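Tertiary structure, described
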Amino acid sequence: MTSEGKYADIMQDPLFIQESDEVYRNPTEVKMSQIVLPCHANHCGELSVGQLLKWMDSTACLSAERHAGCSCVTASVDDILFEHTIGVGNVVNIIAKVNRAFTSSMEVGILVNCEDLYADRQWKVCHAFATFVARRTGAGKVQLKQVLPRTQMEQMEYSLAAERRRMRLIHAEIITDLLNSSTAQLGECQEYQDAVPAERTRVESVELVLPPHANHQVSTFGGQIMAWMENVATIAASRLCNAHPTLRSIDMFHFRGPSHIGDRLVLKAIVNNTFKQSMEVGVCAEAYKGGEPLRHINSAFMTFEVLDSDRKPCTVPRIRPEPVMYLSFNNVTALKLMDTRNNWVLTSEKNKVRLYTLEENHMLCFKVEMNVSVAAEQTFHLLSDLRRRKEWDPVYESVECEYIKQADEEDTLYRVATPSVSKWGIGQDFILLASRRMPCDARDPYLIALRSVTLPTHPPTEDYTRGEVLCAGFTIWEESSTVTKATPGVLPYISTDIAGLSSSFSSTFSACSHFLEANKDSPAALPLSALTHSMASLQVDQKHQQEGLA
């Protein structure tokens, strides 16, 4: 959230204020001054933004801890607009103070100025607001003392902090929907002849968290994570323009979980979109240790420019987004990670159908395992087409499964509409991306992965509630298995089976086994590409006929 210009003007005033002939200084104020050395600079001889973020985070953390009287961790950093760059030999002056404290969190205002020692000149570089959370030291609940504003400026910031906190919560909800709900946008993008494929800008890097990367609380230093994120984002931007980009703004860092020494941090970045003279890079940080699944640590969007010799923005190349590639990669990866979890609990076993359940992050996950006497490849082809599921799954008998389009040779888009589970309710529909993967060698399974996506051509309607499937599909070895992860919105269709462990669950997958065995010699064993081509042609014709009748 970028603040009003009025705040920027006020923040340039000295924070030492004369009151009643006494020098007043905010008790939470912390100042840091650093001279920019070559080791802090990038290729252009300018201070690396990653290094600046480290210094800003350190200063703000010390201010928060001065007020809280205990250890604090970074929760978020609001939008930052960098007005100027900082050269080697200049001095960076950072001032941080607590604007307002809430129950266990507090807002810290940060002002960054640059000083040229030889020209005796100072200028503002940026300002930001960071949120810190006090860490509990004992069994009691954290209750921060209130900030007592004494000056007119402090009173204004105290008042505005409450509104900024409200906006922060709204922002967090929006970003959570975009990044954590596993739905994604599959839009129609305009094609440009000279567009650069988004794949070319993709960056993935891993960092091992060592003791020098940790703060005084033995957690990964928030400023270090932000610096690593800035590094991969810069590389992604450089790959698009084949030049050295300048970071102009950052759209809110929000830390969604902690990281510690020994973690491996996986940092990913890709250019999302380009404008005439700027580009947006999406970047995220995830952590894991040993065989643990990835934990989402942070995500942000960064805007870069490319400057010419006169420091004027240049026109940047067009980008050709390739969203399906990344969606299908995440789709398949999520299914693999779910299947390899080691904390599944065997809940029921009936008629050689084993039901496992797993609860995590307020999600109910389930996995079904069974043996079938059908070749794995044939099973793969029979289960690949969602429209055939009604042949064995009674839930799908009243389900409408519409083929939308073939995204590529291995990825298909479907719309699945389910009737209401209650007499007066409305049904649900889902836009699903089905990703099919043949094994690379004998050690790999056949995979059919499903996840929800959003399509501009198929927006939600009043007749249906748009549902969401986070992770679902089939992993086919010599022992076939299915694994599904669903949001609460999907659970009404399966809750009776999970809660009561009823025989219908076993019956459904027994019916699946019979379906596979009855069709083990069917033409489904033809190459998938041939089947896909014929199915796509049929559906396109039907779609045109329906539009003509309408």
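Everything in this summary refers to the structure shown in the same document. (Residues numbered from 1 in each chain as written. Predicted model: local features only at pLDDT ≥ 70, side-chain atom pairs only at ≥ 80, totals over all residues. Heavy atoms only, no water.)

A few words now on the overall build of the chain. Broken down by element type, the chain carries nine helices and 26 strands. Each of the 550 residues in the chain was classed as buried or not, and the buried ones make up 51%. For the chain, the computed accessible surface area is about 27,000 Å², with 52% contributed by carbon and sulfur atoms. (Helix = DSSP H or I, 4+ residues; strand = E, 2+ residues; numbered from the N terminus. Buried < 20%, exposed > 50% of the residue type's maximum accessible area, 1.4 Å probe, protein only. Areas by Shrake-Rupley, 256 points an atom, 1.4 Å probe, with all protein chains shown as cover.)

Reading across from one edge, E3-E6-E7-E8-E4-E12 is the order of the six strands in this open sheet, with antiparallel pairing throughout. This sheet does not close on itself; its edge strands, each paired only once, are strand E3 (30-35) and strand E12 (253-254). Both strand E4 (residues 72-77) and strand E8 (residues 121-134) contribute to a ladder of five bridges, which runs antiparallel. Paired with serine 76 across the two strands is threonine 131, which belongs to E8. The sheet contacts of helix H2 (residues 49-68) involve E3, E4, strand E6 (91-101), strand E7 (105-116), E8 and E12, and relative to E6 the element is tilted by about 40 degrees. (Pairing = 2+ DSSP bridges. Contact = heavy atoms within 4.5 Å. Axes fitted to C-alpha atoms, helices over the stretch in contact; angles between N-to-C directions.)

This structure, assessed with the given rule, holds 19 salt bridges. Here glutamate 107 and arginine 164 are joined by a salt bridge, their closest N and O atoms 2.7 Å apart. Of the two residues, glutamate 107 is situated in strand E7 and arginine 164 in helix H3 (residues 152-179); the sequence distance between them amounts to 57 residues. Using a relative accessible area of 0% as the deciding quantity, one classes glutamate 107 as buried. The salt bridge partner of arginine 388 is glutamate 391, with a shortest N-O separation of 2.9 Å. When salt bridges that share partners are traced, they join Glu400, Arg415, Asp429 and Arg466 into one network. (Salt bridge = Lys/Arg side-chain N within 4 Å of Asp/Glu carboxyl O.)

Among the surface-exposed residues, Ile35, Leu37, Leu117 and Tyr118 lie close enough to one another that they form a single nonpolar patch of about 460 Å² accessible area. Looking at where leucine 37 falls in the secondary structure, it is placed in the loop between E3 and H2. The partly exposed category is assigned to leucine 37, whose relative accessible area is 38%. (Patch = residues over 30% accessible without salt bridge, like charges linked within 9 Å, V, L, I, M, F, W, Y side chains within 5 Å.)

Take H2 next. In an α-helix, one turn spans 3.6 residues; hence positions three or four apart end up facing the same way. For H2, spanning 20 residues, the distance from its first C-alpha to its last is 28 Å, which sits close to the expected 28 Å at 1.5 Å a residue. Counting buried positions over the 20 residues of H2 gives 15, a clear majority of the element. Two or three places before glycine 50, at the start of H2, stands the capping residue serine 48, its side-chain oxygen 3.2 Å from that residue's backbone nitrogen. Directly after H2, the chain includes glycine 69, whose backbone phi takes a positive value near 75 degrees. (Expected span 1.5 Å × (residues − 1). Polar contact = N/O pair within 3.5 Å; in protein donor to acceptor, adjacent residues only side chain to side chain.)

With that settled, the discussion passes to the packing of aromatic side chains. Overall, the coordinates contain two aromatic pairs when judged by the stated rule. A centroid spacing of 5.2 Å and a plane angle of 40 degrees characterise the contact between phenylalanine 380 and tyrosine 446, whose relative ring orientation is tilted. Here phenylalanine 380, found in helix H6 (residues 376-384), pairs with tyrosine 446, found in strand E23 (residues 446-452); they are 66 residues apart in sequence, far enough to count as distant. Given the relative accessible area of 13%, tyrosine 446 is considered buried. Taking 6.2 Å as the distance between ring centres and 80 degrees as the angle between the ring planes, the aromatic pair formed by tyrosine 403 and tyrosine 414 counts as edge-to-face. Within this pair, whereas tyrosine 403 is found in strand E20 (residues 400-408), its partner tyrosine 414 is found in strand E21 (residues 411-418), the two being separated by 11 residues in sequence. Each member of the pair, tyrosine 403 together with tyrosine 414, is buried. One Lys or Arg, lysine 367, reaches over the ring of tyrosine 356 and ends 5.3 Å from the middle of that ring. Directly above the aromatic system of tyrosine 464 lies the positively charged group of arginine 415, at a separation of 5.0 Å from the ring centroid. (Phe/Tyr/Trp six-rings, centres within 6.5 Å; stacked < 30°, edge-to-face > 60°. Lys NZ or Arg CZ within 6 Å of the ring centre and 35° of its normal.)

Along strand E22 (residues 427-437), 11 of the 11 residues are buried, which leaves the element largely enclosed by surrounding structure. The side-chain alternation of E22 yields two buried faces, one formed by Gly427, Asp429, Ile431, Leu433, Ser435 and Arg437 and the other by Gln428, Phe430, Leu432, Ala434 and Arg436. With eight bridges connecting them, E21 and E22 associate as antiparallel partners. From the neighbouring strand, threonine 412 faces E22, where its bridge partner is alanine 434. Of the strand pairs in this sheet, E22 and strand E24 (residues 464-466) are connected by three bridges, and their pairing is parallel. Directly across from glycine 427, in E24, lies its bridge partner tyrosine 464.

Let us look at the nonpolar core. Considering soluble globular proteins, one finds that nonpolar side chains tend to be buried as a cluster. Counting 72 residues, the largest nonpolar core has Met56 and Met279 as the members making the most contacts within it. Here the element with the most residues in this core is helix H4 (residues 222-241); it accounts for 10 residues. Formed jointly, this core draws a minimum of three residues from each of two domains, domain 1 (24-169) and domain 2 (197-321). The residues contacting methionine 279, other than those within four sequence positions of it, are Ala237, Leu240, Cys241, Val271, Asn273, Thr274, Met302, Thr303, Phe304, Val306 and Val316. Grouped together as the second largest cluster of nonpolar side chains are 20 residues, Met370, Leu382, Ile448 and Phe474 included. (Core = buried A, V, L, I, M, F, W, Y, C linked by side-chain atoms within 4.5 Å. Domains from an automatic or database assignment.)

Taken N-terminus to C-terminus, the directions of H2 and H4 make an angle of 165 degrees; their axes are 8 Å apart at the nearest point. Accordingly, the angle class assigned to the pair H2 and H4 is roughly antiparallel. Seen along the crossing, H2 lies across H4 with a hand that is right-handed. Across the interface between the two elements, Val49, Gly50, Leu53, Lys54 and Asp57 from H2 touch Gly222, Gly223, Gln224, Met226, Ala227 and Glu230 from H4. Considered class by class, the residues forming the contact of H2 with H4 number four nonpolar, four polar and three charged. (Parallel < 35°, antiparallel > 145°, perpendicular 65-115°, else oblique. Left-handed = near helix turned anticlockwise from the far one by under 90°. Nonpolar A, V, L, I, M, F, W, Y, C, P; charged D, E, K, R; others polar.)

Turning to H4, a few remarks are in order. With 20 residues, H4 should reach 28 Å at 1.5 Å per residue; the first-to-last C-alpha distance of 29 Å fits that figure. With 16 of its 20 residues buried, H4 lies for the most part within the structure. Trailing H4 by a residue or two, asparagine 242 shows a phi angle of about 50 degrees, which is positive.

Quick look at the pairing of E8 now. Taken residue by residue, a regular strand's side chains alternate between the two faces of the sheet. Among the 14 residues of E8, 11 are classified as buried, and the element is accordingly described as predominantly covered. Pairing between E7 and E8: 12 bridges, direction antiparallel. Counted as the bridge partner of cysteine 114 is tryptophan 123 from E8. Between E7 and E8, which pair antiparallel and follow one another directly, the connecting turn spans four residues, one of which, aspartate 120, has a positive phi of 50 degrees.

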